[in-house]
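Chain residues, written in single-letter form:
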Amino acid sequence: MDNPRTLYDKIWQDHLVDEQPDGTCLIYVDRHLVHEVTSPQAFEGLRLSGRKVRAPERTLCVVDHNVPTTDRGKPNPDPESAAQIAYLAENAKFFGLEYFNEFDKRQGIVHIIGPEQGFTLPGTTIVCGDSHTATHGAFGALAYGIGTSEVEHVLATQTLIQTKSKNMRAVVDGKLPPGVAAKDIILAIIGEIGTAGGTGYALEYAGEAIRALSMEGRMTVCNMSVEGGAKAGFIAPDEKAYAYLKDRPKAPKGKAWDDAMRYWTTLVSDPTRTSAARRRPRSNIWVSRAARRSPISSSTASSSAPAPMRASRICARSRGW
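Quick caveat, the model's predicted, so the values are computed rather than measured. (Residues numbered from 1 in each chain as written. Predicted model: local features only at pLDDT ≥ 70, side-chain atom pairs only at ≥ 80, totals over all residues. Heavy atoms only, no water.)

> Explanation requested: the overall build of the chain in the structure shown.
Helix and strand content of the chain: 11 helices and 13 strands. For the chain, the proportion of its 321 residues judged to be buried stands at 54%. Excluding contacts between residues fewer than 6 apart, the proportion of contacts in the chain whose partners are at least 24 apart in sequence is 77%. Surface exposure of the chain reaches about 14,200 Å², of which carbon and sulfur atoms provide 52%. (Helix = DSSP H or I, 4+ residues; strand = E, 2+ residues; numbered from the N terminus. Buried < 20%, exposed > 50% of the residue type's maximum accessible area, 1.4 Å probe, protein only. Contact = heavy atoms within 4.5 Å. Areas by Shrake-Rupley, 256 points an atom, 1.4 Å probe, with all protein chains shown as cover.)

Shown next, in the form of structure tokens:
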């Protein structure tokens with residue numbers, strides 16, 4: 001294969017709207033999760049400029065950071081928390097957005113309700129004003145944590161300004177010994193690359209031990225990608241991911257599901273000539289020590305220069321899901 005592409009390359013190119021000579025890119029956003037902490041200023045910016053939310057159907061609001069863990073039927077003891085919750089409810093109504101309030105049985109941690117509802121899907125771009133948005137990468141999504149000004153930009157345009165990351169792959173082979181779980185895996189990987197080792201990279205997790213994890217375990221691994229400095233972390237979708245998502249409330253149904261599956265099965269990194277002999281054992285966990293020096297895509301190599309890219313159609317707009 002002359003020009004193999006990684007999973008990251010494929011999703012990126014499917015969502016690339018524009019690229020400038022300096023490498024600044026505009027990508028389309030399929031899903032936007034909004035919570036009460038990083039959204040007040042963003043919504044205020046829309047109000048002041050008289051703008052609407054560009055794609056309400058691709059936006060889901062949930063209150064999660066300030067919800068009391070005690071009896072929710074009682075007044076919130078923190079006035080600031082209560083104010084943030086009330087303002088999200090007001091903005092969701094004003095802008096016509098779906099909202100899971102503190103009394104909704106679907107309410108929960110923002111990065112859990114996305115998968116639970118089937119709002120998170122393979123091959124999609126997902127953003128949220130929260131540092132651990134990489135959690136959604138467990139389903140083969142490209143998910144970013146963004147800042148408040150970026151939240152406003154996505155609300156207004158359904159796009160995000162980014163620069164393309166370099167590729168990194170962590171391969172974890174073999175069977176995990178008793179007592180070793182998903183968090184141990186990601187801590188071992190971070191131990192290999194360092195807490196800043198993933199800076200500037202999109203990190204793909206692969207290998208037998210990763211495939212053996214439950215979807216919840218994969219979410220744990222991807223969630224902590226940011227602790228290794230990576231912009232995003234993800235795992236190629238497989239039958240386990242599809243089984244988790246099938247028949248979820250917001251997942252595609254019928255023919256739309258079949259159409260989506262045909263696309264999802266293409267979401268794997270193309271095979272390359274990278275030698276597996278570079279792996280070495282770390283206890284009973286195998287990690288690619290040379291991952292950063294030997295990226296799985298020859299098009300990105302180890303150079304800091306952005307890989308060649310092309311502007312493409314906004315595929316998400318033409319899909320029924």
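> Hey, could you run me through the packing of aromatic side chains in this one?
The description of an aromatic ring pair rests on the distance of the ring centres and on the angle between the ring planes. One pass over the full model with this rule turns up seven aromatic pairs. Between Tyr8 and Trp12, the ring centres sit 5.9 Å apart and the planes meet at 45°, which makes this aromatic pair tilted. Taken together, the positions of Tyr8 and Trp12, both in helix α1 (residues 7-15) and four residues apart, correspond to about one turn of that helix. Judged by its relative accessible area of 1%, Trp12 is buried. Taken together, a centroid distance of 5.2 Å and an interplanar angle of 55° make the contact between Phe139 and Tyr244 tilted. (Phe/Tyr/Trp six-rings, centres within 6.5 Å; stacked < 30°, edge-to-face > 60°.)

> So what exactly am I meant to see when it comes to the sheet that holds strand β7 (residues 142-145) here?
The strands that make up a sheet are held in pairs by hydrogen bonds between backbone atoms, and each pair lies either parallel or antiparallel. Taken in spatial order, the five strands of this open sheet run β5-β4-β3-β6-β7, and their pairing is parallel. Because the sheet does not close on itself, it has two edges, and the strands there are β5 (98-100) and β7. Between one strand and the next, the sheet's axes are offset by a mean angle of 20°, whatever the strand orientation. In this sheet, β7 lies alongside strand β6 (residues 125-128) in parallel orientation, the contact comprising four bridges. Bridge pairing in β7 places Thr125 opposite Leu142. Contacts from helix α3 (residues 79-95) reach β3 (31-34), β4 (59-62) and β5 within the one sheet, and its direction differs from that of β5 by about 155°. (Pairing = 2+ DSSP bridges. Axes fitted to C-alpha atoms, helices over the stretch in contact; angles between N-to-C directions.)

> I tried to follow the pairing of β4 on my own but got confused; where do I start?
The two faces of the sheet receive side chains in turn, since in a regular strand these alternate between them. Side chains of β4 alternate between two faces, with Thr59 and Cys61 and Leu60 and Val62 buried alike. Judged from the three bridges that link them, β3 and β4 form a sheet pairing that is parallel. Following the sheet pairing, His32 is matched in β4 by Thr59. Handedness of the β3-helix α2 (residues 40-49)-β4 crossover: right-handed. Pairing geometry for β4 and β5, over three bridges, is parallel. Looking across to β5, one finds that Leu60 is bridged to Glu98. (Right-handed = clockwise from strand over helix to strand, strands pointing away.)

> Got a minute to help me understand α3 in this structure?
Along an α-helix, a turn takes 3.6 residues, which lines up residues three or four apart on a common side. Relative to the 24 Å expected for 17 residues at 1.5 Å per residue, α3 spans 24 Å between its end C-alpha atoms, a close match to the ideal helical length. Of the residues making up α3, those classed as buried are Ser81, Gln84, Ile85, Tyr87, Leu88, Asn91, Ala92 and Phe95. Along the axis of α3, the buried residues cluster in a sector spanning 165°; they form a single face. Opposite its buried face, α3 presents the exposed residues Pro79, Lys93 and Phe94, each directed more than 90 degrees away. Looking at the buried residues of α3, the elements they touch are β3, α2, β4 and β5. The N-capping residue of α3, defined by a side-chain oxygen 3.0 Å from the backbone nitrogen of Glu80, is Asp78. Gly96 lies just past α3 and shows a positive phi near 70°. (Expected span 1.5 Å × (residues − 1). Arc of directions from axis to C-beta. Polar contact = N/O pair within 3.5 Å; in protein donor to acceptor, adjacent residues only side chain to side chain.)

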